[in-house]
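Coordinate inspection notes
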Amino acid sequence: MTDEGLRDELREFVAERDWEQFHTPENLAKSIAIEAGELLECFQWSGDGDITRVESELADVLTYCHLLADRLGLDPDAVVRGKLAVTRVKYPSDIARGRSTKHDRL
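What comes next concerns the included structure.

Quick notes on the rules
- Residues numbered from 1 in each chain as written.
- Predicted model: local features only at pLDDT ≥ 70, side-chain atom pairs only at ≥ 80, totals over all residues.
- Heavy atoms only, no water.
- Helix = DSSP H or I, 4+ residues; strand = E, 2+ residues; numbered from the N terminus.
- Buried < 20%, exposed > 50% of the residue type's maximum accessible area, 1.4 Å probe, protein only.
- Phe/Tyr/Trp six-rings, centres within 6.5 Å; stacked < 30°, edge-to-face > 60°.
- Lys NZ or Arg CZ within 6 Å of the ring centre and 35° of its normal.
- Axes fitted to C-alpha atoms, helices over the stretch in contact; angles between N-to-C directions.
- Parallel < 35°, antiparallel > 145°, perpendicular 65-115°, else oblique.
- Left-handed = near helix turned anticlockwise from the far one by under 90°.
- Contact = heavy atoms within 4.5 Å.
- Nonpolar A, V, L, I, M, F, W, Y, C, P; charged D, E, K, R; others polar.

Brief notes about the environment of A29
With respect to the helices and strands, A29 occurs in helix α2 (residues 25–41). With a relative accessible area of 37%, A29 lands in the partly exposed category.

See the structure below:
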């Protein structure tokens, strides 16, 4: 499925339930944070999360991210690629390779 196909499928799913009225940018951003917390909970007591639960919670996070991008008229792929370009400059591979140091301390 293409990203456009996924976007269309999500739009149809939301429209069938008349949920768009609840999908303000603020509510979608809150939902992302809530679902991200549930994803993190999968690893609360062990670094080895139950893959079935992880997959379900990750799907929720990604779904809300796509819904927010769509609501704001943003292309998720373009958003990620744009941020990746900025991050490449902040963390040049020849300096940052194998290090988790913040960019201003490299």
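Anyway, onward from the coordinates.
Concerning the packing of aromatic side chains
Applying the stated criterion across every chain yields a total of 1 aromatic pair. A ring pair is formed by F13 and W19, whose centres lie 5.7 Å apart and whose planes are at 75°; its orientation type is edge-to-face. Note on F13: relative accessible area 38%, which makes it partly exposed. In this arrangement the basic side chain of R17 is found over the ring face of F13, its NZ or CZ atom lying 3.7 Å from the centre. One residue, R17, lies across the ring of W19, its end atom 5.9 Å from the ring centre.

What about the packing of α2 against helix α3 (residues 51–71)?
Two elements in contact, α2 and α3, have axes whose closest approach is 9 Å; the angle formed by their N-to-C orientations is 165°. By the criterion of interaxial angle, the relationship of α2 to α3 is roughly antiparallel. Remark: the crossing between α2 and α3 carries left-handed chirality. Counted together, P25, L28, A29, S31, I32, E35, A36, E38, L39 and E41 of α2 and R53, V54, E57, L58, D60, V61, Y64, C65, L67, L68 and R71 of α3 form the full contact between these two elements. Here the contact of α2 with α3 is composed, by residue class, of 13 nonpolar, 1 polar and 7 charged.

Read these as layout, nothing more, since geometry by itself doesn't imply function.
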